[in-house]
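Chain by chain, the residues:
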Amino acid sequence: MMGPSESTSSRMRAARRRLQPPRPPADTENQASVLRSLNAARHTPLTLVIAPAGFGKTTALAHWCEALAGQNVATAWYSVATPEQDPVAFLAMVSRSLARAGLDCPAETDVLGGMSAPALLDAVILALDRWRKPLVLIIDEYERVDCAPVAELVETIVENLPPDLHILISGRTKPRLPFATWRLQGLTRIIEAADLALSQEDVARALSIEADPAEVERLYTLTRGWPVAVQLYKLWRAQVGLEANTRNFTGKVEEVANYFAQRVFDTLSEECRGLLIELAILEEIEVAAADQVRAKTDSAPLLAEIERHLGPLLSRTDAADVVAYRLHPLLRSYAHAELEKQPTLFSAVRLAAAEWLWENQHYPESVRLYVQAGAQDRFLARLTGLQLIKLFLNYGNAELRLIVREVPQAVIDRSPRLRMMLCLIHFKEGLFAESRRLLAALRAETEDYRRDPDGDARSLEIEGNALELLFDTYMRGMPEQPEATCERTMELARDVPLVWAWCHNVMLVVFQFRGEMDAAEQELNAAAAVYESISMTSFASQHLEMHRILIALAKGVLHQAARIAGGLVRHPHQIPAGVKDPGLQTMGRLTLAIVDYYQNHRLGAADMVAFAIKQFGVGEAWSDHRAFAWPVMLDGAWRRHGLDEVIDQIESHRAQMRQRDVTASTALLDALEVGYLARSGKLDRAKARIVEAGLEQIAKGEVPAAGWHACEQSRLALGRVALIEENWPRLREIGETMVATGANLGRVAGEIHGHLLLALGHDRQGDGPSASVSLRSALRLALPEQWLMPFAQYGEALKPLLLRVPSTGLGGAEQVLVERIVGALQEEQKSADPNALSEREAEIVAHIAEGASNKLVARRLGISDNTVKFHLKKIYAKLGVSSRQAAVARVMEQHLL
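Here the structure is a predicted model, which means the values were calculated and not measured.

Side note on the overall build of the chain
Then step 1. Looking only at helices and strands, one finds 48 helices and eight strands in the chain.
Then step 2. Per-residue burial for the chain yields a buried fraction of 58% across its 897 residues.
Then step 3. Across the chain, contacts joining residues at least 24 apart in sequence account for 70% of those joining residues at least 6 apart.
Then step 4. By element, 50% of the accessible surface of the chain is carried by carbon and sulfur atoms, the whole surface being about 36,100 Å².
Then step 5. Taking the 99 positively charged and 113 negatively charged side chains of the chain as two groups, their mean positions are separated by 3 Å.

Structure (structure tokens):
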């Protein structure tokens with residue numbers, strides 16, 4: 001991992017502090033009236049607290065949190081920071097705050113960093129949907145992130161908020177939200193500065209003296225009840241006594257507050273004033289940071305002295321037993337203005353603060369200060385020592401975006417590493433062609449990444465190779481010479497174990513693509529060992545589970561794939577709190593539906609496969625996900641609607657892949673198209689596509705970039721064509737090749753298909769005994785995992801052979817399997833069951849099984865709440881149930897989820 005462990009790093013401590021309310025002072029004068037306003041506002045979904053700095057917004061909300069705890073109302077707190085203008089960064093903090101309150105949300109940094117904004121938004125809304133108790137989510141200092149992308153997220157969350165849940169947004173300015181419309185609809189209440197201001201009686205109590213009516217009136221007139229101005233006057237008066245006479249002002253309240261801030265500042269010792277001026281660059285002050293920025297060791301006693309002097313104007317919070325201070329914005333603004341009057345000191349502390357922030361992993365904030373200090377060369381030197389892969393895996397794409405956003409374009413243009421960051425950013429955002437183009441240009445410019453203007457060609461070559469491996473594996477299915485590239489990269493990165501894990505992951509995917517599952521398992525175990533050695537076991541080990549599932553599916557070990565998937569879907573509590581990745585649960589649902597279709601040939605399972613692959617998103621599903629999902633989805637479409645619908649779906653998949661310059665699945669789609677043309681009797685079209693797509697070469701394994709799925713589907717399609725043409729030598733060659741390849745590489749489904757093609761060929765030639773031998777071989781292979789789909793796909797052509805197969809020599813379990821297959825073929829000939837769920841109905845049941853409300857289901861599917869209710873009524877009638885829970889239970893009984 002990076003530097004200090006996540007549990008103790010300054011970065012993690014800072015995030016934790018912002019996820020808990022500050023300790024409020026006990027003597028807030030207008031506390032009771034403000035709490036009444038906040039409690040009254042809870043009856044609407046949203047409260048906006050809008051007032052300038054110094055009106056006690058945060059203090060009032062901290063008091064409210066304490067009061068809500070006494071009422072058994074859960075609270076989630078989130079104090080915003082400027083870098084969280086990025087949608088993923090914002091949603092990640094919202095998710096973490098909700099997880100701290102007890103909701104089932106992702107909370108680990110590496111998990112959150114790997115998620116897209118839509119996936120995170122869906123996870124947050126789903127967690128809120130599932131929560132069944134009162135909850136208040138408080139987002140403080142919202143003005144720091146008030147931009148259109150974040151406002152859109154907030155609007156979506158508010159509009160999908162369940163009953164008993166309340167969001168409060170606090171900030172200095174009115175946010176870019178449709179609060180006027182919401183107010184008319186009764187969805188929001190606004191608390192403004194006038195509601196937070198002190199009354200004249202509050203001012204008298206604040207002074208804690210025998211109230212001099214004239215003094216109180218004069219102060220109230222000057223401050224207009226602005227709490228921070230009253231507090232500053234009180235501190236000043238406590239130091240200088242009755243000499244604290246106010247002077248005449250222009251009438252601007254801000255001028256009064258600034259005057260009082262200066263007076264209070266002047267009452268501090270010279271050392272304390274100097275410390276606050278030097279540290280005005282930092283929003284949050286840890287003692288270690290203060291010492292490093294000031295190049296002194298007396299920060300702790302000075303901060304303690306200032307805390308005694310200023311009281312609540314220097315707030316203090318703890319995280320992991322480390323104290324941090326925050327100076328009130330008004331005083332910090334005054335100190336910052338004083339710092340700017342000393343250019344030499346200003347430049348020095350900016351650079352010192354940038355250094356400390358970088359060393360403690362506050363990268364975007366550090367980059368901003370480096371740039372402001374004109375220290376771009378120092379930043380680039382720092383960047384050279386930072387491992388891009390480690391940064392990406394630890395903090396995700398959002399971190400890269402935040403860093404690059406702070407850097408002038410001229411600096412980006414001359415830095416290979418920043419341009420490499422841009423390549424990875426584009427790739428994760430789905431701009432695959434652009435990312436490859438940028439990386440190719442960078443490779444040419446740096447002579448295969450071996451010429452680095454920043455002086456670290458070794459690291460540049462490691463990272464360039466790593467990105468090429470990633471891009472080519474995802475987009476092409478297999479990089480050129482992956483073994484040689486990985487070997488070279490691992491040799492360069494002898495002391496960087498994470499790069500070794502990266503290369504093992506790449507080779508794992510390469511071997512899966514080739515169909516060499518034993519070698520893939522070896523790479524998986526090697527990657528797992530590296531991750532464990534560097535304590536990256538939570539996030540990494542879960543994602544390796546995806547590959548375990550894909551390997552099990554490829555081998556045809558369906559019970560193992562279903563067991564792993566079931567743990568992800570049905571037993572999510574076994575996943576450590578905060579480490580839950582919605583992508584893993586989507587993978588679990590996808591796998592269970594695929595296994596169900598393989599074993600039961602249910603149309604409802606095909607619907608679930610389509611739903612799960614849609615949840616992955618085009619940019620997140622890898623070629624293996626698609627290669628297992630598409631044949632099931634297309635088979636379901638063919639059974640329901642025929643060839644035209646299959647061709648339409650294939651063209652849709654092709655268009656999506658072309659748009660992203662992804663060629664890894666091209667050959668697979670070609671093979672599937674030929675197979676369905678043959679199944680539909682369109683022999684001329686099928687033969688023409690065989691030539692156009694080069695399926696003969698793919699079937700022979702002469703096109704490594706096609707992958708094993710495409711190779712197997714090509715053989716299957718060619719076998720169907722040979723069967724129609726009664727080309728028995730060709731059919732025998734294909735069938736025997738599929739049997740031998742399946743047996744050698746441990747791929748049961750291909751072996752079953754090979755035996756079935758041979759059985760049908762022998763039967764058509766009148767060789768009943770040989771047909772029975774081949775059919776029995778297929779049945780024996782299918783029995784352990786209860787494969788049904790390969791038999792059902794041959795339809796009526798296989799049924800006579802199954803009925804003639806002698807029961808002698810078949811075990812009881814094999815005979816039962818024959819009966820199941822014949823039953824499935826007979827069912828296929830019947831008209832559609834009027835009580836079967838439609839595609840949309842099955843999709844809705846899958847959503848409610850996840851815990852989604854009608855409103856969330858409607859949002860996901862792009863339909864109205866009333867439409868969801870209409871479908872639910874039909875679902876209840878078809879299933880003979882009367883509730884959402886019963887509908888899910890009934891469908892689960894039928895193995896449709």
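Looking at empty space enclosed by the protein
Then step 1. As enumerated under the stated definition, the model contains nine cavities of 30 Å³ or more in all.
Then step 2. If you add up the space inside the largest cavity, you get close to 430 Å³.
Then step 3. Lining the largest cavity are 27 residues; nearest its centre among them are Pro631, Glu712, Gln713, His753 and Met789.
Then step 4. Those elements that place two or more of their residues in the lining of the largest cavity are helix H29 (537-555), helix H33 (623-641), helix H35 (666-679), helix H38 (707-725), helix H40 (748-764) and helix H42 (789-792).
Then step 5. With seven residues, H38 is the largest single contributor of residues to the lining of the largest cavity.
Then step 6. Phe513, Ser623, Asp624, Ala627, Ala664, Ser665, Leu668, Ala706, Gly707, Trp708, His709 and Ala710 together form the lining of the second largest cavity.
Then step 7. Of all the secondary structure elements, the ones that give two or more residues to the lining of the second largest cavity are H33 and H38.
Then step 8. For the lining of the second largest cavity, the element with the most residues is H38, which contributes four residues.
Then step 9. A class-by-class count of the residues in the lining of the second largest cavity yields seven nonpolar, four polar and one charged.

A word on the pairing of strand S8 (residues 322-327)
Then step 1. For strand S6 (residues 285-286) and S8, the ladder comprises two bridges, and the chain directions are antiparallel. Pairing of glutamate 286 across the sheet is with alanine 324, part of S8.

A word on the environment of alanine 846
Then step 1. One can find alanine 846 in helix H45 (residues 839-849).
Then step 2. The buried category is assigned to alanine 846, whose relative accessible area is 4%.
Then step 3. Taking the C-alpha atoms as reference points, alanine 846 and alanine 743, 103 residues apart in sequence, are found 36 Å from one another.

A closer look at the packing of aromatic side chains
Then step 1. Summed over all chains, the structure comprises 14 aromatic pairs.
Then step 2. Centre to centre, the rings of phenylalanine 265 and tyrosine 334 are 5.1 Å apart; their planes meet at 65°, and the pair counts as edge-to-face. Taken as a pair, phenylalanine 265 in helix H13 (residues 253-266) and tyrosine 334 in helix H17 (residues 329-340) lie far apart in primary sequence, 69 residues in all.
Then step 3. Accessibility expressed as a relative area gives 17% for tyrosine 334, which makes it buried.
Then step 4. Judged by centre distance (6.2 Å) and plane angle (50°), the ring pair of tryptophan 638 and tyrosine 676 falls under tilted. Taken together, the residues tryptophan 638 in helix H33 and tyrosine 676 in helix H35 connect sequence positions 38 residues apart.
Then step 5. Taking the relative accessible area as the measure of exposure, tyrosine 676 reaches 4% and is therefore buried.
Then step 6. Put simply, the rings of Trp358, Tyr363, Tyr370 and Phe379 touch in pairs and so form one group of aromatic residues.

Rules used throughout
- Residues numbered from 1 in each chain as written.
- Predicted model: local features only at pLDDT ≥ 70, side-chain atom pairs only at ≥ 80, totals over all residues.
- Heavy atoms only, no water.
- Helix = DSSP H or I, 4+ residues; strand = E, 2+ residues; numbered from the N terminus.
- Buried < 20%, exposed > 50% of the residue type's maximum accessible area, 1.4 Å probe, protein only.
- Contact = heavy atoms within 4.5 Å.
- Areas by Shrake-Rupley, 256 points an atom, 1.4 Å probe, with all protein chains shown as cover.
- Lys, Arg positive; Asp, Glu negative; His and termini not counted.
- Charge placed at Lys NZ, Arg CZ, Asp CG, Glu CD.
- 1 Å grid on protein atoms, 1.4 Å probe; cavity = no way out; pocket = protein on both sides within 12 Å on 5 of 7 lines; lining within 4 Å.
- Points joined across faces, edges and corners; volume = space filled by probe spheres on them.
- Nonpolar A, V, L, I, M, F, W, Y, C, P; charged D, E, K, R; others polar.
- Pairing = 2+ DSSP bridges.
- Phe/Tyr/Trp six-rings, centres within 6.5 Å; stacked < 30°, edge-to-face > 60°.

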